[in-house]
Amino acid sequence: MKEVRDDVALVLCGEAGQGIQTVEALLIRAFRATGYHIFSSKEYMSRVRGGENSTLIRVSSGPVRAFVDRIDVLFALSPGAVDHLRERINGTLIIADKSLGEEDAIDLPILEEAEKLGGRIFANVVAAGAAARLFRVEESVFDDAVRSLFERKGPEILNADLKAGRKGYEVGEELKEHLKVSVEPDPSVRKHVILNGTEAVGLGCISGGCRFMSSYPMTPSSPLQIFIAENADEFDMVFEQAEDEIAAINMCLGASYAGARSLVATSGSGFALMEEAVGLAGMIETPVVIYIGQRPGPAVGLPTRTAQEDLNLALYSGPGEFARAIFAPGKLEDAPEIAAHAFNLAERYQIPVFILSDQYLADLYYNLPAPEIGVEPEYHIIETDASYRRFSLTEDGISPRGIPGYGSGLVRVDSDEHDEDGFITEDLNIRRRMVEKRNLRLEMLRDDALPPEVWGDDSSAVICWGSTYWPVREAIESSDAEVTMVHFSQVYPLAPDTLELLESFDVTAAIENNYRGQFADLLKLEAGFEVDHRLNRYNGMPFSVEEIRKFIGEVFV
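To keep things clear, this report deals only with the structure shown in the data block. (Residues numbered from 1 in each chain as written. Predicted model: local features only at pLDDT ≥ 70, side-chain atom pairs only at ≥ 80, totals over all residues. Heavy atoms only, no water.)

### Here's the deal with the overall build of the protein
Looking only at helices and strands, one finds 19 helices and 22 strands in the protein. Against the 2.2 N^0.38 benchmark of 24 Å for 557 residues, the protein shows a C-alpha radius of gyration of 25 Å, consistent with a compact globule. The dimensions of the protein, computed from C-alpha atoms along their principal axes, are 85 × 60 × 40 Å. The buried share of the protein, taken over its 557 residues, is 59%. Once local pairs closer than 6 in sequence are excluded, the contacts in the protein between residues at least 24 apart make up 73%. When the accessible surface of the protein is totalled, it reaches about 22300 Å², and 48% of it is carbon and sulfur. (Helix = DSSP H or I, 4+ residues; strand = E, 2+ residues; numbered from the N terminus. Rg over C-alpha atoms; globule rule 2.2 N^0.38 Å. Buried < 20%, exposed > 50% of the residue type's maximum accessible area, 1.4 Å probe, protein only. Contact = heavy atoms within 4.5 Å. Areas by Shrake-Rupley, 256 points an atom, 1.4 Å probe, with all protein chains shown as cover.)

Spelled out as structure tokens, the structure:
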């Protein structure tokens, strides 16, 4: 009999259309209600039917936050599931219906019982019930999870899925002969919330005072659009699905010109269409928050996979030179405050501010105490008078911002170079002063920059940014190496003491989900610091704890 203790890596794999995400939703609800710490992430192909999709759920006695290659238990729900995950299977208990022909698998009649219940559509809930039984989840707790997911679909569908779950418990009884799972519940987990990266950022956008969002759907940014649209009425927001990306960002600039805090969400190839409007935001000094859900490129690339490939795209987007800020949240605990802060910074400095996420961060879930967002919206709009000049030259480069209809002044803007009143000009002296004005605030942004988080106090450092936070941290925690993690959630501009901090380490390595090492290059360009080693992944999958731990062992031990 196989025994797994404390931290179990459960994977469910099947074809697109089999409802693998439904299994994830059911189990994370049931596990949390039981008191288990959970982490889940998914990888899926860009197709409606066929292919192979899998979901990893870590079930643990203590907090877990990161993706692992390890698979302790695999529920294979399709003929290609085992082959799809072959490289990760090592000592794995494989559970599959005998009709799939997997010789090394424990036969569990998931598909057969689903057919008896009305069709293979019920296989996902049968599998979820069997998995819940394996982890000693009370059947009533699992039923509650089923109700929370299916009750809105009506009593007929709900009752059918309740029957499927109970059948899963019945057939799952057989698994006790093959596997013993020893995970201790933590009663405090029942009071936790379960969030994914999209929801964490979305909460911050709402707390930051977002009032208008216009976007065009594109994975993996679409979930944020859905989140804002679902909550628009309750929080007095307007969501508009635009006809394309160009219209979306221009609508946001129009709303922001009128005084509404505005958000646009897209992915790399969609943002490429928005670049001219980013330049417009810089020229007319109009705040906007731009969320980019990164995925592998170029062009459409791998539209449902993950990457950190769009840092340079955000950094150099838009013609000309003007200030901007770029954030990359790394953990759900911080993401709400960072997103709220992004809106304040956009307002304070009248600039475009970017939030870089990615498919991995957007889709992962874990349990945590309800986040407290300690950022209050700042408002910098003035009531204008007859002498108002939208682009008046000031000592700090920031002109008082008025909006149409609030005061007696005229709020005139123009996409061409302009004078203080907003009239087009080709006066080269005014041009020089306006360029300086738009870029002067970059120094203030540096002074306001969020410092990197330093975890540990050793003489060597792993440098990371964005969604690599928890894989790097867990790899260090489970390694024999004495290494510090330096994580950047603001990647541009860098805090003033960045060079001093990084030079304090004897050996450094940078870890990034891209080919070139875009952030390591940025450290050299902006801070004059060159890292000693680089680990880059660019196949569309996130870093695993094991991969980073192996790298740390090779470089630092």
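Structure shown, so let's carry the discussion forward.
### Details of the packing of helix 3 (residues 110-117) against helix 4 (residues 123-134)
Closest axis-to-axis distance for the helix 3/helix 4 pair is 8 Å, and the angle between their directions is 125°. It follows that helix 3 is oblique to helix 4 by the angle criterion. Handedness of the helix 3/helix 4 crossing: right-handed. Packed against helix 3, whose contacting residues are Ile110, Leu111, Ala114 and Leu117, the element helix 4 presents Ala123, Val126 and Ala127 at the interface. The residue inventory of the contact of helix 3 with helix 4, partitioned by class, reads seven nonpolar, no polar and no charged. (Axes fitted to C-alpha atoms, helices over the stretch in contact; angles between N-to-C directions. Parallel < 35°, antiparallel > 145°, perpendicular 65-115°, else oblique. Left-handed = near helix turned anticlockwise from the far one by under 90°. Nonpolar A, V, L, I, M, F, W, Y, C, P; charged D, E, K, R; others polar.)

### Some points on the pairing of strand 2 (residues 7-16)
Moving residue by residue along a regular strand, the side chains alternate between the two faces of the sheet. Counting buried positions along strand 2 gives nine out of ten residues, so the element sits mostly inside the fold. Direction of pairing for strand 2 relative to strand 4 (residues 50-60): antiparallel, over a ladder of nine bridges. Paired with Asp7 across the strands is Ser60, a residue of strand 4. (Pairing = 2+ DSSP bridges.)

### Description of the nonpolar core
Soluble globular proteins tend to pack their nonpolar side chains together in the buried interior. Residues Leu27, Phe31, Phe75, Phe135, Phe142, Leu263 and Phe519 are the most contacted members of the largest nonpolar core, which totals 175 residues. Apart from residues no more than four positions distant in its own chain, Phe142 is found in contact with Leu26, Leu27, Ala30, Val125, Ala128, Gly129, Ala132, Val137, Gly165 and Tyr169. (Core = buried A, V, L, I, M, F, W, Y, C linked by side-chain atoms within 4.5 Å.)

### Concerning the sheet that holds strand 17 (residues 453-455)
The sheet built from five strands is open, its strands ordered 17-19-18-21-22 with mixed pairing. Edge positions in the open sheet fall to strand 17 and strand 22 (533-536), since each of these has one partner strand only. Along the sheet, successive strands turn relative to each other by an average axial angle of 20°, direction set aside. Helix 16 (residues 469-477) rests against strand 17, strand 18 (460-465), strand 19 (484-488) and strand 21 (507-512) of the sheet, and its axis sits at about 175° to strand 19.

### Regarding unusual backbone geometry
With an omega of 0°, the peptide bond running from Thr219 to Pro220 counts as cis. With respect to the helices and strands, Pro220 occurs in the loop between strand 10 (212-215) and helix 8 (222-231). The omega angle of the peptide bond from Gly297 to Pro298 is 0°, so this bond is cis rather than trans. Structurally, Pro298 can be placed in the loop between strand 13 (288-294) and helix 12 (311-315). Positive phi, normally seen in glycine, also occurs at Asp236, with a value near 55°. With respect to the element layout, Asp236 can be found in the loop between helix 8 and strand 11 (238-241).

### Some words on the sheet that holds strand 14 (residues 325-327)
In spatial order, the strands read 11-10-12-13-15-14-20; together these seven strands make up an open sheet with mixed pairing. At either margin of the open sheet sits one strand with a lone partner, and together these are strand 11 and strand 20 (490-492). Looking at each pair of strands side by side, their axes are set apart by 20° on average, direction ignored. Against the sheet, helix 9 (residues 245-257) engages strand 10, strand 11, strand 12 (262-266) and strand 13, with an angle of about 165° to strand 12.

### Let's talk about the pattern of salt bridges
Applying the stated rule across the entire model yields 37 salt bridges. Measuring nitrogen to oxygen at the nearest pair gives 3.9 Å for the salt bridge that ties Glu113 to Lys167. In this pair, Glu113 sits in helix 3 while Lys167 sits in helix 6 (residues 155-172), placing the two residues 54 residues apart along the sequence. Taken as a pair, Glu113 and Lys167 share a single burial class, namely buried. For Glu477, the salt bridge identified is with Arg473, shortest N-O distance 3.7 Å. Of this pair, Glu477 and Arg473 both sit in helix 16, separated by four residues, roughly a single helical turn. Among the residues examined, Arg473 registers a relative accessible area of 17% and is labelled buried. What you see here is one network of salt bridges that share partners, running through Asp7, Arg58, Arg70, Asp72 and Glu474. (Salt bridge = Lys/Arg side-chain N within 4 Å of Asp/Glu carboxyl O.)

### Concerning the packing of helix 16 against helix 19 (residues 545-556)
In contact at an axis separation of 8 Å, helix 16 and helix 19 are set at 55° when each is read in the N-to-C sense. For the element pair helix 16 / helix 19, the angle class is oblique. The element helix 16 and its partner helix 19 pack so that their crossing is right-handed. Counting all contacts with helix 16, which are made through Pro471, Val472, Glu474, Ala475 and Ile476, the residues of helix 19 involved are Val545, Ile548, Arg549 and Ile552.

### Overview of the side chain of Asn124
Mapped onto the secondary structure, Asn124 falls in helix 4. Note on Asn124: relative accessible area 7%, which makes it buried.

### Notes on the packing of aromatic side chains
Any two aromatic rings considered together are summarised by their centre-to-centre distance and by the angle between their planes. In the structure shown here, the tally under the stated rule is eight aromatic pairs. Put simply, the rings of Phe31, Tyr36 and Phe135 pair up and form one aromatic cluster. The ring of Tyr379 has Arg261 sitting right over it, with the charged end atom 4.7 Å from the ring centre. Against the face of Phe322 rests Arg324, its NZ or CZ located 4.5 Å from the ring centre. (Phe/Tyr/Trp six-rings, centres within 6.5 Å; stacked < 30°, edge-to-face > 60°. Lys NZ or Arg CZ within 6 Å of the ring centre and 35° of its normal.)

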